[in-house]
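Structural description and commentary
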Amino acid sequence: MSVIVLAEHQQGSFKKKSFEAIQYAAGIAQAMGTSVTAVVLGNAGDSEMQQLGQYGATKVLHVADARLDNLNARAYTKALVAAAEKEGAKVVVGLHDVTGKAVFPRVAARLKAGMVAGAVAQPDTASGFVVKKTVFSGKAFASVNITSDVKVVTLMPNTFAVKKGEGSTAVEKLEVAFEDKDFAVQVKEVSKVTGTVPLAEAELVVSGGRGMKGPENWHILEDLAKELGAATACSRPVADSHWRPHHEHVGQTGGTIRPNLYIAAGISGAIQHLAGVNGSKTIVVINKDPEAPFFKAADYGVVGDVLEVLPKLTEAVKKWKASHN
Amino acid sequence: MKILVCISQVPDTTTKIAFSDNNSTFNTAGVTFIINPYDEWYALVRALELKESGAATTVNLVTVGKADAEPVIRKALALGGDEAIRIDADSTDPYVVAAQIAEYAKSEGYDLVLCGKESIDYNNGSTGAMLAELLDMNFIGFASSLSIEGGVATVKREIEGGEETDTCALPLVVSCQKGMAEARIPNMRGIMAARTKPLKVVPAAAISPLTAIVSYDLPPAKTGVKLIDPNNMDELVELLHTQAKVI
Ligand SMILES: Cc1cc2nc3c(=O)[nH]c(=O)nc-3n(C[C@H](O)[C@H](O)[C@H](O)COP(=O)(O)OP(=O)(O)OC[C@H]3O[C@@H](n4cnc5c(N)ncnc54)[C@H](O)[C@@H]3O)c2cc1C
Ligand SMILES: Nc1ncnc2c1ncn2[C@@H]1O[C@H](COP(=O)(O)O)[C@@H](O)[C@H]1O
């Protein structure tokens with residue numbers, strides 16, 4: 001009756017958030033007195049999969065079908081359900097990211113399992129199986145009891161720090177009888193954002209609003225982002241005015257992000273903007289207007305002209321990095 | 001081609017969130033409800049465009065909710081659509097919502113089901129994929145464009161670290177996000193027409209919830225912003241390292 005967890009990877013390399021999911025699953029397994037089996041889909045090397053043991057997976061089920069290299073909700077569901085059945089899993093764990101959101105609701109529906117999407121704490125198993133998640137776009141939390149026999153939980157990425165341990169893992173192949181219809185969604189074209197940090201996964205984000213004055217000033221913001229290794233984002237009017245591409249716009253109508261650090265430069269902090277970013281761990285606001293509403297949601301504030309403050313901040317980061325290396 | 005658009009009602013984004021009954025219930029007193037933005041601006045408007053271009057014959061709207069959900073689905077009808085269906089069930093468990101819609105839709109022959117990427121109240125982003133599973137359809141999530149030709153959908157969607165263009169034969173469930181369409185404002189004609197459009201109430205099927213909300217809580221209030229001198233960015237960097245521990 002182990003806990004199973006999907007270990008997402010890209011071309012065989014596992015990301016931090018996958019380790020985070022395994023560690024989370026290991027916490028649940030410990031509370032339930034059982035162990036964790038990680039499921040790996042598509043091509044991945046043995047030595048990479050061995051890493052999963054260091055975060056608490058005692059077993060890996062590897063479905064090595066190359067067609068699984070691309071996200072395919074139906075096929076992924078079939079593989080996860082096969083793994084869950086093989087292990088007699090009572091809890092299935094994934095991540096609340098684009099892959100997880102396509103796959104785990106399907107898994108839950110197939111297993112008739114209650115699901116909590118976007119968990120931010122370890123389940124409380126003292127009475128029932130109560131999982132805390134954010135609701136109202138970060139304005140509140142709800143504690144949800146999963147009452148079904150089998151339970152599905154997806155973890156909000158970047159919730160916990162990952163700690164590498166000593167454990168090792170046994171890799172086993174799992175054969176799944178796929179049918180053509182499992183691959184009915186066909187990939188025609190893939191375009192990965194290269195060079196820069198993808199916004200949805202970024203731990204650090206530097207974002208600009210109308211206070212940046214125009215696209216010609218964006219290099220100032222990009223310099224800081226580059227120095228920090230951060231992704232860039234913007235407010236909606238900035239995207240609407242075509243100063244920045246629309247995929248960078250965050251907020252109610254744009255992307256929702258939860259980085260560790262969100263630096264808002266020349267953004268007023270309208271509620272629709274906050275809806276997309278107030279899950280951020282630390283918020284720094286730079287605005288020339290001390291009355292800007294964003295300061296109320298900020299941890300650190302700088303009252304000043306962004307065009308002057310940003311270069312100074314970039315310099316300070318440079319200096320700090322030099323002294324910490 | 002018949003399209004079904006899933007519409008959920010959510011509190012207006014400017015709502016101050018509060019709870020009652022010992023933090024066990026969301027306090028709706030004084031709360032204005034709106035159409036979930038992703039459902040309205042992206043799913044519904046794209047469906048209407050597909051009808052206007054002749055690709056679709058019918059656009060129906062469905063919501064799972066009690067009678068208090070009717071004003072919002074009427075508002076959605078004012079943007080367009082042929083008829084609205086309200087499934088008279090409670091909508092707190094995502095499985096129940098998906099299963100109720102699936103029960104209704106399975107015999108109606110929809111070719112395309114559109115929903116939003118997530119509802120801005122419970123932020124599950126689960127309904128579309130669950131519905132696809134229950135209807136035994138394919139699902140493409142986080143779509144930013146969708147076109148249909150000869151019974152095949154071409155969809156651009158977000159993936160980890162990028163974008164992908166997929167094709168899939170109908171029937172299909174798609175969850176929609178920004179890029180999909182331009183927001184529209186209902187006009188007087190639409191509002192008048194919505195009043196006479198059919199709003200069908202379907203009784204709830206017997207489906208038990210698999211989850212229950214035990215309690216709510218609010219995040220600890222920010223302790224107040226710490227202001228840093230604009231000429232002392234070294235201090236900010238140091239605080240981000242030693243105090244906030246984010247760099
Ligand atoms: C239904 C709806 C949905 C919306 N969705 C979104 C959304 O998803 N995302 C979003 O961002 N917005 C959204 N909006 C718009 C939102 O309400 C605000 O209008 C928008 O966020 C404001 O953007 P801004 O802060 O860049 O611009 P402004 O409001 O113009 O603010 C500019 C700020 O920069 C400051 N400033 C100016 N010059 C300088 C300078 N030299 N140095 C320092 N500071 C300076 C000003 O003091 C001001 O605070 C939505 C609105 C509605 C009605
Ligand atoms: N009660 C509901 N009735 C109809 N559709 C819904 C309902 N709740 C959610 N949906 C649809 O499912 C999408 C995702 O919602 P959710 O899974 O709740 O985040 C929404 O954008 C709607 O399109």
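Residues numbered from 1 in each chain as written. Chains lettered and ligands numbered in written order. Predicted model: local features only at pLDDT ≥ 70, side-chain atom pairs only at ≥ 80, totals over all residues. Heavy atoms only, no water.

1. Some words on the site of ligand 1
Residue and element names in this part refer to chain A. Residues in contact with ligand 1 amount to 26 residues; listed here are only the nearest, Lys213, Ser235, Ser268, His273 and Asn287. Measuring from a nitrogen atom of ligand 1, one finds a side-chain N or O atom of lysine 213 at 2.7 Å. With respect to ligand 1, the side chain of serine 235 contributes an N or O atom lying 2.6 Å from an oxygen atom. Across the complex, the protein chains shield 78% of the 990 Å² of accessible surface that ligand 1 would expose by itself. Of all the secondary structure elements, the ones that give two or more residues to the shell around ligand 1 are α6 (236-240) and α7 (271-277). (Near = heavy atom within 4 Å. Polar contact = N/O pair within 3.5 Å; in protein donor to acceptor, adjacent residues only side chain to side chain. Areas by Shrake-Rupley, 256 points an atom, 1.4 Å probe, with all protein chains shown as cover. Helix = DSSP H or I, 4+ residues; strand = E, 2+ residues; numbered from the N terminus.)

2. Things to note about the site of ligand 2
Residues and elements named next belong to chain B. Lining the immediate environment of ligand 2, one finds 19 residues, of which Asp39, Ser119, Gly125, Ser126 and Thr127 sit closest. For ligand 2, an oxygen atom lies 3.3 Å from a polar atom in the backbone of asparagine 124. Separating an oxygen atom of ligand 2 from a backbone N or O atom of serine 126 is a distance of 2.8 Å. Looking at the shell around ligand 2, the elements with two or more residues in it are β6 (58-64), α3 (94-105) and β8 (112-116).

3. As for helix α1 (residues 37-52) of chain B
Residue and element names in this part refer to chain B. When the terminal C-alpha atoms of α1 are compared, their 21 Å separation across 16 residues agrees well with the 22 Å that a helix rising 1.5 Å per residue should span. For α1, the principal kink sits at valine 45 and spans about 25°. Phi turns positive, to about 90°, at glycine 54, one or two residues after α1. (Expected span 1.5 Å × (residues − 1). Bend = angle between axes of the 7 residues up to and from the residue.)

4. Quick notes on the pairing of strand β10 (residues 152-159) of chain B
Along any regular strand, the residues point their side chains to alternate faces of the sheet. Residues and elements named next belong to chain B. Across the two faces of β10 the burial differs, with Ala153, Val155, Arg157 and Ile159 buried and Val152, Thr154, Lys156 and Glu158 not buried at all. Two elements, strand β9 (residues 138-149) and β10, share six bridges in a ladder whose sense is antiparallel. Looking at β10, one finds that serine 147 is bridged to threonine 154. With antiparallel pairing between neighbouring strands as the criterion, β9 and β10 make up a hairpin whose turn holds two residues, including glycine 150 at a positive phi of roughly 55°. Judged from the eight bridges that link them, β10 and strand β11 (residues 162-169) form a sheet pairing that is antiparallel. Bridged to threonine 154 within β11 is threonine 167. (Buried < 20%, exposed > 50% of the residue type's maximum accessible area, 1.4 Å probe, protein only. Pairing = 2+ DSSP bridges.)

5. Here we look at the confidence of the model for chain B
Per-residue confidence for chain B gives a mean pLDDT of 94; residues scoring 70 or more make up 100%. Overall fold confidence (pTM) sits at 0.88, and the ipTM for the predicted complex is 0.89. (pLDDT = per-residue confidence, 0-100.)

6. Digging into the sheet that holds β9 of chain B
Strand order in this open sheet of ten strands is β12(A)-β11(B)-β10(B)-β9(B)-β12(B)-β8(B)-β1(B)-β6(B)-β7(B)-β13(B), and the pairing throughout is mixed. The two strands at the open ends of the sheet, each matched to only one other strand, are β12 (186-192) of chain A together with β13 (199-203) of chain B. Taken over all neighbouring pairs, the strand axes of this sheet differ in orientation by 30° on average, direction set aside. α3 of chain B contacts β1 (2-6), β6, β7 (83-88) and β13 of chain B of the sheet and is inclined by roughly 140° relative to β6 of chain B. (Axes fitted to C-alpha atoms, helices over the stretch in contact; angles between N-to-C directions. Contact = heavy atoms within 4.5 Å.)

7. Describing the sheet that holds strand β15 (residues 226-227) of chain B
Read from one edge of the open sheet, six strands run β14(A)-β13(A)-β15(A)-β16(A)-β17(A)-β15(B), paired in parallel fashion. Of all the strands in the sheet, the pair left with one neighbour each is β14 (231-234) of chain A together with β15 of chain B. Pairing analysis gives four bridges linking strand β16 (residues 282-287) of chain A to strand β17 (residues 300-303) of chain A, with the strands arranged parallel. Within β17 of chain A, the position partnered with valine 284 of chain A by the bridge is tyrosine 300 of chain A. Helix-sheet contacts for helix α5 (residues 218-228) of chain A involve β13 (204-208), β14 and β15 (261-265) of chain A, and the interaxial angle to β13 of chain A is about 175°. In the packing of helix α6 (residues 233-242) of chain B onto the sheet, contacts are made with β15, β16 and β17 of chain A together with β15 of chain B, and the angle to β17 of chain A comes to roughly 170°.

8. Regarding the packing of helix α4 (residues 98-111) of chain A against helix α4 (residues 127-134) of chain B
As a packed pair, α4 of chain A and α4 of chain B sit with axes 7 Å apart at the nearest point and diverge in direction by 45°. When the interaxial angle is binned, α4 of chain A and α4 of chain B end up oblique. Once α4 of chain A is placed against α4 of chain B, the crossing between them reads as right-handed. Taking contact as the criterion, the partners of Lys101, Ala102, Pro105, Arg106, Ala108, Ala109 and Arg110 of chain A in α4 of chain A are, on α4 of chain B, Ala129, Met130, Ala132, Glu133 and Leu134 of chain B. (Parallel < 35°, antiparallel > 145°, perpendicular 65-115°, else oblique. Left-handed = near helix turned anticlockwise from the far one by under 90°.)

9. Considering the packing of helix α8 (residues 306-323) of chain A against α6 of chain B
Where α8 of chain A contacts α6 of chain B, the axes come no closer than 8 Å and their chain directions differ by 55°. When the interaxial angle is binned, α8 of chain A and α6 of chain B end up oblique. The hand of the α8 of chain A/α6 of chain B crossing is right-handed. Residue-level inspection shows Val309, Lys312, Leu313, Ala316, Val317, Lys319 and Trp320 of chain A of α8 of chain A in contact with α6 of chain B, the latter providing Met233, Asp234, Leu236, Val237, Glu238 and His241 of chain B. In the contact of α8 of chain A with α6 of chain B, the residues fall into eight nonpolar, one polar and four charged. (Nonpolar A, V, L, I, M, F, W, Y, C, P; charged D, E, K, R; others polar.)

10. Structural notes on the interface of chain B and chain A
At the junction of the two partners, chain B supplies 77 residues and chain A supplies 92 residues. Regarding the contact of chain B and chain A, the summed buried area is about 7100 Å², with carbon and sulfur atoms giving 56% of it. For lysine 319 of chain A, the salt bridge goes to aspartate 234 of chain B, with nearest N and O atoms at 2.6 Å. In this structure, the connection of chain B to chain A is made through 38 residue pairs in polar contact (both at pLDDT 80 or more). Here the side of chain B that touches chain A gets eight residues from one element, more than from any other, and that element is α6 of chain B. Looking at side-chain class alone, the side of chain B that touches chain A contains 42 nonpolar, 18 polar and 17 charged residues. Pairing analysis gives two bridges linking β17 of chain A to β15 of chain B, with the strands arranged parallel. When the sheet's bridge partners are listed, tyrosine 300 of chain A is paired in β15 of chain B with lysine 226 of chain B. (Buried area = accessible area lost by both parts, 1.4 Å probe. Salt bridge = Lys/Arg side-chain N within 4 Å of Asp/Glu carboxyl O.)

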